[in-house]
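Listed below, chain by chain, are the residues.
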Amino acid sequence: MSEIPELRVATREAKNKLDEVAVVIELTLISIIQAMALGVLVTFSIPVIAEYHFEYWLYVVLGLLAILIFWSRTLIHTLSFIGWPLEMGHTYIYFAATLVEGLLLSQVNNPAAWFALSTVYFALAWFLYYWDRRVMMSRAEEYNTETERKLHNDMIADQEQNLKFYMPAGVAFNALAWWLIVTFPNLFIEEHWHIVLAVWSIVVGIWYVREGGIILHRRQGWILYRYTRQRLPIVTEEEELLRPAQTPR
């Protein structure tokens, strides 16, 4: 029986180290794939900017917002949730989404293709939110204090908002924008009304980036608490019985 506490301590330490490895892997992956996406955007933005196609500069801004949103949201997700064991499914979806993102960023001078690929991109993001929500629910028992449950509830609430409103709205808007451009090319291309669609997308994108900052600010204390608690010494049942009673705050 004397080996059981030692085994528990060793297991906790091993889990903490593996959690750190998982977070490093995730952050490295995010940085690499978004650096590649930024490279694609720069490559295809050079002729648009150099030749003063001002109406397409809006899509360069949209491309930068897409990169910032992907990077910031996955960063928040990693700090809030990622640990051991690694969840490979959502990593594979990252690669699929990055492939579509790269194709999207290559179409800064083609509004019809831009909104068509944006529809696919939002659909993949929608599926990613569904996948991650399922994984979060399966690990709910890991969040077993009041503060940790606040973090978990906040993550689920964010997943629900994206699943039920933001992602389907993004799919619907971009599909509608694509349909309008291909159905009425004279109005939306020749007369440049696609600019209205691009400007609206920029406004929504800036708002969504700001929402990510608000979420991270709200969670930072909960995240710090969870990381701190995971590194506290394990208390055995015998030690717990000897502790003086404490009134929870």
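Our subject is the structure that appears above.
Note that the structure is predicted; figures quoted are calculated from it, not measured.

A. The arrangement of the overall build of the protein in detail. When its secondary structure is counted, the protein shows eight helices and zero strands. On C-alpha atoms alone, the protein measures out to a radius of gyration of 23 Å, which is more than a quarter above the 18 Å that the 2.2 N^0.38 rule sets for 249 residues. If one aligns the C-alpha atoms of the protein with their principal axes, the spans along those axes are about 80 × 30 × 25 Å. Taken over 249 residues, the protein has a buried fraction of 40%. Across the protein, contacts joining residues at least 24 apart in sequence account for 82% of those joining residues at least 6 apart.

B. Fine view of helix α5 (residues 146-183). For α5, built from 38 residues, the straight-helix expectation of 56 Å at 1.5 Å per residue is met to within 8% by its first-to-last C-alpha distance of 54 Å. When the local axis directions of α5 are compared, the greatest deviation, roughly 45°, occurs at N162.

C. Inspection of the pattern of salt bridges at higher detail. Under the defined criterion, the tally for this structure stands at seven salt bridges. Notably, a salt bridge pairs E148 with R229, separated by 3.4 Å at the nearest N-O pair. Of this pair, E148 sits in helix α5 while R229 sits in helix α7 (residues 194-230), and the two are 81 residues apart along the sequence. Given a relative accessible area of 1%, E148 falls into the buried group. Look at the salt bridges and you will find they share partners, linking R133, E160 and K164 into a network.

Analysis parameters
Residues numbered from 1 in each chain as written. Predicted model: local features only at pLDDT ≥ 70, side-chain atom pairs only at ≥ 80, totals over all residues. Heavy atoms only, no water. Helix = DSSP H or I, 4+ residues; strand = E, 2+ residues; numbered from the N terminus. Rg over C-alpha atoms; globule rule 2.2 N^0.38 Å. Buried < 20%, exposed > 50% of the residue type's maximum accessible area, 1.4 Å probe, protein only. Contact = heavy atoms within 4.5 Å. Expected span 1.5 Å × (residues − 1). Bend = angle between axes of the 7 residues up to and from the residue. Salt bridge = Lys/Arg side-chain N within 4 Å of Asp/Glu carboxyl O.

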